[in-house]
Amino acid sequence: MKLPRNLIVSCQALEDEPLHSSFIMSKMALAAAQGGGKGIRANSKEDIIEIKKEVDLPVIGIVKRDYEGSDVYITATSKEIDELIESGCEVIAMDATISQRPEKTLEELVFYAREKAPNVELMADISTMEEAVIAEKLGFDYIGTTLHGYTKHTKGKKLYDDDFAFLKEILRAVDKPVIAEGNIMTPQMLKRVFELGVYAAVVGGAITRPKDITTRFAHEIKDMI
C-alpha cells in the first residue's frame, strides 16, 4: 500500500477561502509533516505539485469541480483523473456515491484510471454502506467515509454519531483498508477510529482551516460577550 497506517492531513483551501494558494498549501503540508502527519490529501494539480516540492509524503489527490446537473464534484470525470496523474500523486480519490455523474459511470472512471496509471492507487469517497460494498467490488484500493453526511441521502449525519456507528458498519462490510474521514475534530476522536480498526484517518478542518477553528472558539463565547 502506498499510504501509511497513520494520520493523513488534508491541506485544502477553495477559491473563496482566505488561504487559497498553492504556496500556502505547500507550507501547510510542511507544517503537517513536521507535526507528525504521514500523508497529505490535497485538491488540484497545482497544489499537489507545490506540496510535493516541500514534503516527501504520499499524497491523496482530488480535484473539486462543479458540473451542471450533477452533485458529484470530487474527481468527477476523466479530465480530473488526467490532471491528478500529471500531478504525481500516489493515490487518486473520487466520489464513489450513487449521485448523478456528469460523464462516465463510476465503473468506467475506475477502468479509465487503471488503464492510464496502473501504479496509482484509488480511494473511494463513499457516504453509505451500500456504496462501500460497490466500491470494493469495483476494485478500489481504499474505502473512505469522506462523504457520509454530505450527500442528499445522508445529509445531517456525522461520522462520530453513536460512537462512530457508521464507521463500524463499513469496517464489517468490506475487506479493503478503510480510511476514516469527515468530522474527526479532536485527537480523542482520531484515537477512537484507530481503536475501531481503521487503516488510516484523514483530518482536515481541525488542523488546517484556521477560519473554521476560530469560528468554533468564537461560537462558545458569543452569548457571553
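All of these numbers come straight from a predicted model, not from anything done at the bench.

Enquirer: With reference to specific residues and values, describe the layout of surface pockets.
Expert: Gaps left between atoms show up when a probe the size of a water molecule is rolled over them. Roughly 720 Å³ of internal volume is contained in the largest pocket. In this structure, the largest pocket is lined by 28 residues; those nearest its centre are Lys64, Tyr150, Asn183, Gly205 and Arg209. Elements with a minimum of two residues in the lining of the largest pocket: strand 8 (200-203), helix 8 (205-208) and helix 9 (210-221). The class makeup of the residues in the lining of the largest pocket is twelve nonpolar, eight polar and eight charged. In this structure, the second largest pocket spans a volume of roughly 340 Å³. Lining the second largest pocket are 17 residues, with Leu14, Glu15, His20, Asn43 and Lys64 positioned closest to its centre. Ranked by the residues each element gives to the lining of the second largest pocket, the list is headed by helix 2 (residues 45-54), at three residues.

Enquirer: Got a sec to walk through the sheet that holds strand 8? Specific residues and values, please.
Expert: With parallel pairing, the eight strands of this closed barrel are ordered in space as 1-2-3-4-5-6-7-8. Across the sheet, the mean angle from the axis of one strand to that of its neighbour is 25°, orientation sign disregarded. Here strand 3 (residues 59-62) pairs with strand 4 (residues 91-95) via two bridges, running parallel. Across the sheet, residue Ile60 finds its bridge partner in strand 4, namely Val91.

Enquirer: Could you give an account of the packing of aromatic side chains, with specific residues and numbers?
Expert: Applying the stated criterion across every chain yields a total of one aromatic pair. Look at Tyr142 and Tyr199: their rings are 6.1 Å apart centre to centre, the planes differ by 40°, and that puts the pair in the tilted class. Placement of the pair is Tyr142 in strand 6 (residues 142-144) and Tyr199 in the loop between helix 7 (187-196) and strand 8, with a sequence separation of 57 residues.

Enquirer: Break down helix 7 for me, with residues and values.
Expert: Owing to its 3.6 residues per turn, the α-helix brings residues three or four apart onto one side. Those residues of helix 7 that sit buried are Met189, Leu190, Val193 and Phe194. The arc that holds every buried residue of helix 7, seen down its axis, measures 140°, which confines them to one face. Those residues of helix 7 that are exposed and angled more than 90 degrees off the buried face are Pro187, Gln188, Lys191 and Glu195. For helix 7, the secondary structure elements touched by its buried residues are strand 1 (7-11), helix 6 (161-173), strand 7 (178-181) and strand 8. Just downstream of helix 7, Gly197 is the residue with a positive phi angle, here 115°.

Thresholds applied
Residues numbered from 1 in each chain as written. Predicted model: local features only at pLDDT ≥ 70, side-chain atom pairs only at ≥ 80, totals over all residues. Heavy atoms only, no water. 1 Å grid on protein atoms, 1.4 Å probe; cavity = no way out; pocket = protein on both sides within 12 Å on 5 of 7 lines; lining within 4 Å. Points joined across faces, edges and corners; volume = space filled by probe spheres on them. Helix = DSSP H or I, 4+ residues; strand = E, 2+ residues; numbered from the N terminus. Nonpolar A, V, L, I, M, F, W, Y, C, P; charged D, E, K, R; others polar. Pairing = 2+ DSSP bridges. Axes fitted to C-alpha atoms, helices over the stretch in contact; angles between N-to-C directions. Phe/Tyr/Trp six-rings, centres within 6.5 Å; stacked < 30°, edge-to-face > 60°. Buried < 20%, exposed > 50% of the residue type's maximum accessible area, 1.4 Å probe, protein only. Arc of directions from axis to C-beta. Contact = heavy atoms within 4.5 Å.

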